[in-house]
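# Reading the structure
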Amino acid sequence: MAEQKLKLMYWNGRGLMEVARTMLAINGQFPSAGDYEDFRATEPPTDLPAENCGRMPVIIDQGHVVGQSGPINRYLARKLSMMGADEFEAARIDAIVETVVECVTAYRKLLPYGNTFEDDKKKELTNKWFTDAPPQPPIREGRHLLWWLQWLEKVVGDNGFAVGDKFSLADAVIFNRFAEDCPELGASAGPFGDTEAMKKTLESYPKLKKIVENFASNENIKKWLGERGTQMF
């Protein structure tokens, strides 16, 4: 019996599936080549499996279903040998990923998804996110972008890779959250709603900047970004 092809199921946008797609791409796997199926819904499917409570994202691999973006990313990272050379590196990769997740959560507390703020208010809060100085211990309030970047810069590698000497899930997540954008949707579709501000900010964090540049310059990533088509978000 022929092996069942990997199937990704999500909306026609980047969102919670783009890290998975870029990990596949950097390993030379593309839906255009028939390496996997990239199902993109335009309306809510009615026959989704239960593994993510009847929601997307889900993936189906060899008849097995994985739901939720975090487990999907870790599953594919292990399958693609992107979880480090040993268990210690795997733990470091996981810790970096979770720190980035916390950073994004902090951003969404300041600017909730789907908010109805007036443009001036959005600009004010976005500027606050990008420029607020890191609070000093024991202050917990106001941990905005610079607070998270200062700690990430201390723990990632200085050779263009977050951990070790090859691309990992950590590199894919760092690229996705701090560099990847969607030009056809405008600058606001970039990292934290401001592509140029993010680029300028990374100038002060050379190790993180080197990681995103190394990932973005990979020929397979260039190919993926060129062929993925117009995104809804």
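Structure: see above.
Summarised in this report is the structure supplied together with it. From a predicted model like this one, the values you see are computed outputs, not experimental measurements. Position numbers for residues start from 1 in each chain and track the written sequence from start to end. Since the coordinates come from a predicted model, pLDDT governs what is reported: local features require at least 70, and pairs of side-chain atoms require 80 or more to be given and counted, while whole-chain, interface and lining totals use all residues. As a rule here, side-chain values cover all heavy atoms of the structure and leave hydrogens and water aside.

This part takes up the overall build of the protein. For helices the rule is a DSSP run of H or I covering at least 4 residues; for strands it is a run of E covering at least 2, with both sets numbered from the N terminus onward. Secondary structure summary: the protein contains nine helices and four strands in total. Taken against the 2.2 N^0.38 rule, which gives 17 Å for 233 residues, the C-alpha radius of gyration of the protein at 18 Å falls within 12% of a compact globule. If one aligns the C-alpha atoms of the protein with their principal axes, the spans along those axes are about 60 × 40 × 35 Å. Summary of the burial criterion: residues with accessible area below 20% of their type's maximum are buried, those above 50% are exposed, and those between are partly exposed, where the area comes from a 1.4 Å probe applied to protein chains only. The burial tally for the protein puts 44% of its 233 residues in the buried class. Sequence-distant contacts, at least 24 apart, represent 66% of the contacts inside the protein between residues at least 6 apart. Only the protein chains shown count as cover for residues, and all accessible areas are computed by the Shrake-Rupley method using a 1.4 Å probe. Put simply, the protein shows about 12300 Å² of open surface, and 51% of that area lies on carbon and sulfur atoms. Based on C-alpha atoms, the radius of gyration is set beside the globule rule, defined as 2.2 Å times the residue count to the power 0.38. Should any heavy atoms of two residues lie within 4.5 Å, those residues are considered in contact.

The next point concerns the packing of aromatic side chains. For Phe, Tyr and Trp, rings pair up if their centres lie within 6.5 Å, where Trp contributes its six-membered ring, and each pair is then called stacked (planes under 30 degrees apart), edge-to-face (over 60) or tilted (otherwise). In this structure the tally under the stated criterion is 11 aromatic pairs. Ring geometry for Tyr10 against Phe233: centres 6.2 Å apart, planes inclined by 85 degrees, an arrangement best described as edge-to-face. A residue pair is termed long-range when its members are at least 10 positions apart, and Tyr10 in strand E1 (residues 7–11) and Phe233 in the segment after helix H9 (219–227) qualify at 223 residues. Relative to Phe192, the ring of Tyr107 lies with its centre 4.9 Å away and its plane at 65 degrees, an arrangement referred to as edge-to-face.

Moving on: the sheet that holds strand E3 (residues 58–61). By definition, two strands form a pair when at least two bridges between them are found by DSSP. What the four strands build is an open sheet, ordered E2-E1-E3-E4; its pairing is mixed. The two strands at the open ends of the sheet, each matched to only one other strand, are strand E2 (37–41) and strand E4 (64–67). The average undirected angle you get between the axes of adjacent strands in this sheet is 20 degrees. In this sheet, E4 lies alongside E3 in antiparallel orientation, the contact comprising four bridges. Residue pairing in the sheet places Asp61 in a bridge with His64 of E4. Only C-alpha atoms enter the line fits that serve as axes; for helices the fit covers just the stretch in contact. Angles between N-to-C directions range over 0 to 180 degrees.

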